[in-house]
Amino acid sequence: MQVIDMREAIRQAIDEEMQRDKTVFIMGEEVAEYNGAYKVTKGLLDKWGPMRVIDTPISENGFAGIGIGAAMTGLRPIVEFMSFNFSLVAADQIISNACKMYYMSGGRFSVPIVFRGPNGAAAQVSCQHSHCVEAIYGNLPGLIIMAPSNAYNAKGLLKTAIRNNNPVLYLECELIYSDNMEIPTEEYLIPVGQANIVQKGKDITIVSHGRMVKLCKEACEKLQERGIEAELIDLQTVKPLDMETITESVRKTHFCVIVEEGHIFSGIAAEVAFQIQQHCLNDLDAEIARVCQHETPMPYSKVLEKETLPTVERILNACYETLALN
Amino acid sequence: MTQEKIPEFFKVSHQTVIDSLGKETLLACLDRMLLIRNFETRAEAAYQQGKIGGFFHSYVGQEAIQTACLQAVGHKHWFVTTYRCHALALLLGVTPNEIMAELFGKATGNAKGRGGSMHLYHERLLGGFGIVGGQIPIATGAAFSSKYLGKKDEIALCFLGDGAMPQGAFHESLNMAALWNIPCMYTVENNQWSMGTHISRGVANHHQITHYLAKAYGMSHYRLDGMDFFNCYGGFLVAYQEIISTGRPVLIEAVGERFRGHSISDPGLYRSKDALKETMSRDPIILMKNELIQRSLLTEEEYKAMDKANRERVVEALEFAENSPWPDPSTLEEDVFAP
Amino acid sequence: MPFTVYMPKLSPTMTEGVIAKWHKTIGDFVESGDVLLEISTDKATVEHAALDEGYLRAIIGQEGQKIDVNAPLAVFTEKPDESIEGYKAMPLGETPKAEVAPVAAPKASVPVVAKSQSKVLASPLAKKLAKEKGLDLASCTGSGPNGRIMSRDLAKAPAAQVAAPSEQMIVEEALSPMRQIIAQRLQESKSTIPHFYVRQEVDAAPIVALREELKRLEFSYTINDFIIKACAIALKKHPEINSGFDGKSLKALRFSRVDICVAVTVQGGLITPIVFDAAKKSLSTISQEMKQLASRAREGKLQPQEYQGGSFTISNLGMYGVNDMTAIINPPQGAILGVGAAQDVPVVKDGQVVPGKRMSLTISCDHRVIDGAEAAQFMRTLKQLIENPILFLSE
């Protein structure tokens, strides 16, 4: 076993996969000589050289497209977006090319590419640098979307993503890169579309992904003090959803709160909630609640940023309301 | 404002080309151009009968460019082009049957009816792309692969229209190709019109832009006469040899014309009848035919027979497409993901 | 081979075009690429060129004419003198519409939950559990928002009064003609006639024993036959009971003959066939008649004169085992006798309590024509006759 942070877990996954398969390479802004804007790719240039660890100019559309062209012609690129906000500049490549190619070519060309980078809010980075993109890209068929939440699933999910023959969006989070965890040194993979039950409970189901899982854990501790045993589910893969795990839980607990960092309208919670009621309507003892980012661009001020994002308190209130407790 | 100087075409002697290719190869090239011409013309007629839907971008008038290019470089490379992609597919060997069936949306089509006119493929053809300029980074990535995997004689060829030059993706690609020594041949097929906007209204300094862009990014530049098969062949051959020997990307501009509108729904009202007539007087097929006849490599009757044979191939393709089955609706959701 | 040129689809939305101008005339040789005609769409007027060369032999659409897309415009031949006689220029076959997999009709919307508990707020789970366990949601107190009942509230719920609280349904049913008449007459009777009742218990042992004896001798009689005979004799003796009343004229009606109506239960109601002149008939005659009348009554074969009329009615519910029966007078008659079952009861005889057989008789009388004393006397006579059936022999 080893105790490492999430950043290191991601780095190990990349490194091990580059070792395993010569067609795997990584490119993005500052990934090589700078050792990564968030130091995720530290040391990789020294180890693998500039042919496989490539600094790109600021040309997201261009280098995302280069990655896709390379993926179509025998390579397995990892393309880093310094943050997923910048992926929007490459949206045409991701949406018109990456996720369409296999279907559009009648099954001729697959695109085994991973787009990875930090997603969502950081510390006061304001309106243009705080996007959660899972719901935006999630609407389009042909993409796999993963959201690691700790060092363990970060490593297992990324390895799976790199070995998958389809385009994967791998959504990290700057604010949890430094979270430590004990994980195995032996290789392990976490399959696509498998959620994790972080803790079992019988009273209420909480569904979340990414950084929010951490907040939900805190909320669960507070619930426990009140004698409420929550079952916390970490999606791990946002698309495709592991509805089996979720519905089994809701059938047991009869109450559900969904927590996401992204915006409320048409977010991931909306999709999960719809699918829960579709399968479990008569098992629900109350409406499904969701705790999401409010309907505003991300404000700069510390106080406003806190107000717009989910908090432990908001999660707890949602739970109490759902359970109709004071 | 000083008058823009129009750069000269790449200098190539027709005789040299004729001598190096020989009668058989030359006739084969003319034959391919006639196949493209007949295919585009008859497919367009089928569109007007409601058999083909959506967008249809005809390559008529531009046949010399890609025919000459493929003759010069061969097939063992990666090819990427725009939505005006029927010709490239035919040149790489995709059968008229398969393409026509795709245009008709049938299950026997090139992409099983999933792509349509703008999205044709071959084991060496990465598409047919719908978003202007979106294909340029893809081609760059394919060339990147060739280099990465150490395939010394393999390059990528990217065809784009003059209308794509303003797209950011074009400049991003040229920049990275030049920075990283990516063996990509970028060919701007300048048919002078972005839909209804003449290039003079879309591209600053349009006569010289490719020359200076190439210079700015530190790569070689070639300007070819897109209506002249021989000129194109000579230029592409030299450019290709340069890429192979230097590993550097190259920017080519083939100046030509399209005879039809931008697409089938474009009535081309931005060109006067006389202007179009003049344009069409330099039909690349007729020019090549005349040159070959002049050099006693071809007779009028042989030409007519060649044209007729290609017409029949296309009529056969129309029948094949007509008689092919529709895709089974139950297969709709298959192949969204690769296994 | 002649071939046809069709109206082209010049834009994805075009459905028809107008022929603006023909550029060729019949007999012309048209080269591939020559402008053949100009076509006007709603967007523009465009020149349309010939695809294949040939001789123009027939023009189908005239200038100014509107032609559908894929409809014929002109006929060509490859040779100038080829005959086009008998050649029909047909519109181009429609592109077969992609066989759209028949879209399954949208599922009928979930039937609205029965409104019996419509005002009760309950979670889907609570509703489901309540239904399964037969619990009455209406009597639960909800701890959820706005008093919504949650599954945890069901633990305190009383079971529904009925096994499964089913919905009260009131279905209106039209009466059969027979029932309509019964309804009308009895409503009138009960609401207008001042009824009074005299009840008398009689010792039924003698007629029960007599009946048994006759049965042994292979004569089949019902208890009711004896009652009819006894009433006939009693009514002869008490003509004031064999009377009726006319509610309109307010006159008493004195019947000369004893015609006894006997209530018979039939399909869909009740009918009262009449034993006419019962006082003059023997027990056996009465019995035989009753058998026939009852049988024909049940078959619906009675004629009106057989059940309309009568001076007195007997309604016997003894076969159902009930104690007694208090009947409603059958106007214009003045009285009706209700009969209960002959039952084993303890009786006092010679100071001892012994088993006896008693039967309860209740006479309902119209007090406008009959007094209590008269009724009582009649009942005493009746009792004597029933308890001493040997007296039948002398009447």
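What counts as what
- Residues numbered from 1 in each chain as written.
- Chains lettered and ligands numbered in written order.
- Predicted model: local features only at pLDDT ≥ 70, side-chain atom pairs only at ≥ 80, totals over all residues.
- Helix = DSSP H or I, 4+ residues; strand = E, 2+ residues; numbered from the N terminus.
- Contact = placed C-beta atoms within 7 Å.
- Buried ≥ 20, exposed ≤ 12 C-beta atoms within 10 Å, placed from the backbone.
- Pairing = 2+ DSSP bridges.
- Core = buried A, V, L, I, M, F, W, Y, C linked by C-beta atoms within 7 Å.
- Axes fitted to C-alpha atoms, helices over the stretch in contact; angles between N-to-C directions.
- Parallel < 35°, antiparallel > 145°, perpendicular 65-115°, else oblique.
- Left-handed = near helix turned anticlockwise from the far one by under 90°.
- Nonpolar A, V, L, I, M, F, W, Y, C, P; charged D, E, K, R; others polar.
- Expected span 1.5 Å × (residues − 1).
- Bend = angle between axes of the 7 residues up to and from the residue.
- pLDDT = per-residue confidence, 0-100.

A.B. asks: Any details on the overall build of chain B? Residues and values, ideally.
C.D. replies: Across its full length, chain B carries twelve helices and seven strands. Dimensions of chain B, computed from C-alpha atoms along their principal axes, come out at roughly 55 × 55 × 40 Å. Considering only residue pairs separated by 6 or more positions, chain B has 76% of its internal contacts joining residues 24 or more positions apart.

A.B. asks: Give me the lowdown on the overall build of chain C, citing residues and values where you can.
C.D. replies: When you go through chain C residue by residue, the secondary structure sums to seven helices and 19 strands. For chain C, the C-alpha atoms occupy an extent of roughly 140 × 65 × 50 Å along the three principal directions. Counting over 395 residues, chain C shows a buried share of 31%. A sequence separation of at least 24 residues applies to 59% of the contacts in chain C between residues at least 6 apart.

A.B. asks: An account of the sheet that holds strand β3 (residues 29–30) of chain C is requested, with residue identities and associated values reported.
C.D. replies: Residues and elements named next belong to chain C. If you trace the four strands from one edge of the open sheet to the other, you get β1-β8-β6-β3, paired in antiparallel fashion. Strand pairing shows two members of the sheet lacking a second neighbour, β1 (3–6) and β3, which therefore form its edges. As defined by bridge partners, β1 adjoins strand β8 (residues 72–77) across four bridges and the pair is classed as antiparallel. Considered in β8, the bridge of phenylalanine 3 is made with phenylalanine 76.

A.B. asks: With reference to specific residues and values, describe the nonpolar core.
C.D. replies: By size, the foremost hydrophobic cluster in this structure holds 223 residues, and its most contacted members are Val257 of chain A together with Cys158 and Met185 of chain B. No other element matches helix α1 (residues 14–48) of chain B, which puts twelve residues into this core. If we skip the residues at most four places from it in the chain, methionine 185 of chain B touches Ile155, Leu157, Cys158, Ala239, Tyr240, Ile243, Val250 and Ile252 of chain B. In this structure, Ala230, Leu293, Ala342 and Leu361 of chain C belong to the second largest nonpolar core, which totals 57 residues.

A.B. asks: Run through the packing of α1 of chain B against helix α11 (residues 284–294) of chain B, naming residues and quoting values.
C.D. replies: Residues and elements named next belong to chain B. For the pair α1 and α11, interaxial distance at closest approach is 10 Å and the crossing angle is 135°. Judged by the angle between their axes, α1 and α11 are oblique. Our pair here, α1 against α11, has a crossing hand that is left-handed. Here α1 contributes His14, Leu26, Leu30, Met33, Leu34 and Arg37 to the contact with α11, which in turn contributes Pro284, Ile285, Met288, Lys289, Glu291 and Leu292. Considering only residue class, the contact of α1 with α11 consists of eight nonpolar, one polar and three charged.

A.B. asks: Can you lay out the interface of chain B and chain C for me, pointing to particular residues and giving the numbers?
C.D. replies: Taken together, the contact between chain B and chain C spans twelve residues of the former and 16 residues of the latter. The residue inventory of the side of chain B that touches chain C, partitioned by class, reads five nonpolar, six polar and one charged.

A.B. asks: Quick one: what's the story with α1 of chain B, residue by residue and with numbers?
C.D. replies: One full turn of an α-helix is made of 3.6 residues, so residues set three or four places apart face in the same direction. Residue and element names in this part refer to chain B. Counted at 1.5 Å a residue, the expected span for α1 with its 35 residues is 51 Å, but the 39 Å between its end C-alpha atoms falls short. The principal kink in α1, of about 100°, is found at glycine 22. Among the residues trailing α1, glycine 50 stands out with phi positive, at a value near 85°.

A.B. asks: Before we move on, could you go through the packing of helix α2 (residues 63–73) of chain B against helix α9 (residues 229–246) of chain B and cite the residues and values that matter?
C.D. replies: Residues and elements named next belong to chain B. α9 packs onto α2 with a crossing angle of 40° between their chain directions and a minimal axis gap of 8 Å. Taken together, the axes of α2 and α9 lie oblique to each other. Note that α2 runs across α9; the crossing there is right-handed. Taking contact as the criterion, the partners of Ala64, Ile65, Thr67, Ala68, Cys69, Gln71, Ala72 and Val73 in α2 are, on α9, Phe229, Cys232, Tyr233, Phe236, Leu237 and Tyr240. Counted by class, the contact of α2 with α9 contains twelve nonpolar, two polar and no charged residues.

A.B. asks: Go over the interface of chain A and chain B, please, and point to the residues and values.
C.D. replies: Across the boundary between the two partners, chain A contributes 34 residues, which contact 35 residues of chain B. When contributions to the side of chain A that touches chain B are tallied by element, the ones reaching two or more residues are α3 (60–72), α4 (91–98) and α5 (101–104) of chain A. The greatest single-element share of the side of chain A that touches chain B, amounting to ten residues, is contributed by α3 of chain A. Per-class residue counts for the side of chain A that touches chain B are 13 nonpolar, 19 polar and two charged.

A.B. asks: How would you sum up the environment of isoleucine 228 of chain A? Please name residues and give values.
C.D. replies: Residues and elements named next belong to chain A. Position of isoleucine 228 relative to the elements: it lies in the loop between α8 (212–225) and β11 (230–234). On a C-alpha basis, the gap between isoleucine 228 and leucine 323 in space is 9.8 Å, while along the polypeptide they are 95 residues apart. Beyond its immediate chain neighbours, meaning those up to four positions away, isoleucine 228 contacts Asp203, Ile204 and Leu223.

A.B. asks: Now, about unusual backbone geometry: what can you tell me, with residues and values included?
C.D. replies: Among all residues save glycine, negative phi is the norm, and among peptide bonds the norm is trans. Of the consecutive residues lysine 239 of chain A and proline 240 of chain A, the connecting peptide bond is found in the cis state with omega at 5°. For proline 240 of chain A, the position within the fold is in the loop between β12 (237–239) and α9 (243–253). Put simply, proline 331 of chain C and proline 332 of chain C share a cis peptide bond, and its omega is 10°. As for its placement among the helices and strands, proline 332 of chain C is situated in the loop between β16 (312–316) and β17 (335–339). Its identity as a non-glycine residue notwithstanding, methionine 195 of chain B has a phi of 55°, on the positive side.

A.B. asks: Summarise the sheet that holds strand β6 (residues 220–225) of chain B; cite the residues concerned and give the values.
C.D. replies: All names here are of chain B. One open sheet holds the five strands; their spatial order is β1-β2-β3-β7-β6, and the pairing between them is parallel. For this open sheet the edge positions go to β1 (78–80) and β6, each flanked by a neighbour on one side alone. Each neighbouring strand pair of the sheet contributes to a mean axis angle of 15°, computed without reference to strand direction. Where β1 meets strand β2 (residues 156–161), three bridges bridge the pair, whose relative direction is parallel. Of the residues in β2, the one forming a bridge with valine 80 is cysteine 158.

A.B. asks: Go over the confidence of the model for chain C, please, and point to the residues and values.
C.D. replies: Detail in the predicted coordinates should be disregarded across regions flagged by low pLDDT. Residue and element names in this part refer to chain C. Looking at chain C as a whole, its pLDDT mean stands at 88, while 92% of the residues score no less than 70. Within chain C, no element has a lower average pLDDT than strand β14 (residues 269–271), which sits at 88, and none a higher one than β17, at 97. Across residues 104–117 the pLDDT falls below 50, and counting only partners more than four positions away or on other chains, this stretch makes four contacts in the model. In the predicted assembly, ipTM is 0.89 and pTM is 0.73.

A.B. asks: Outline the pairing of strand β18 (residues 343–349) of chain C, listing residues and values.
C.D. replies: Residue and element names in this part refer to chain C. Of all seven residues making up β18, only zero are buried, and the element is barely covered by its neighbours. Bridging between β18 and strand β19 (residues 352–366) involves seven bridges; their strand directions are antiparallel. When the bridges of β19 are listed, glutamine 343 appears paired with arginine 358. Joining the antiparallel neighbours β18 and β19 is a turn of two residues, in which aspartate 350 adopts a positive phi near 50°.

A.B. asks: Quick rundown of helix α2 (residues 177–192) of chain C? Include the residues and the values.
C.D. replies: With 16 residues, α2 of chain C extends 22 Å between its outermost C-alpha atoms, agreeing within 8% with the 22 Å of an ideal straight helix rising 1.5 Å per residue. Burial analysis of α2 of chain C places just one of its 16 residues in the buried class, which makes it a mostly uncovered element.

A.B. asks: Which residues make up the environment of valine 73 of chain B, and what values do they have?
C.D. replies: Residue and element names in this part refer to chain B. Topologically, valine 73 is positioned in helix α2. The spatial distance from the C-alpha of valine 73 to the C-alpha of glutamate 154 is 9.6 Å, given a sequence separation of 81 residues. Ignoring sequence-local partners within four residues, the contact set of valine 73 consists of Leu157, Phe236 and Tyr240.

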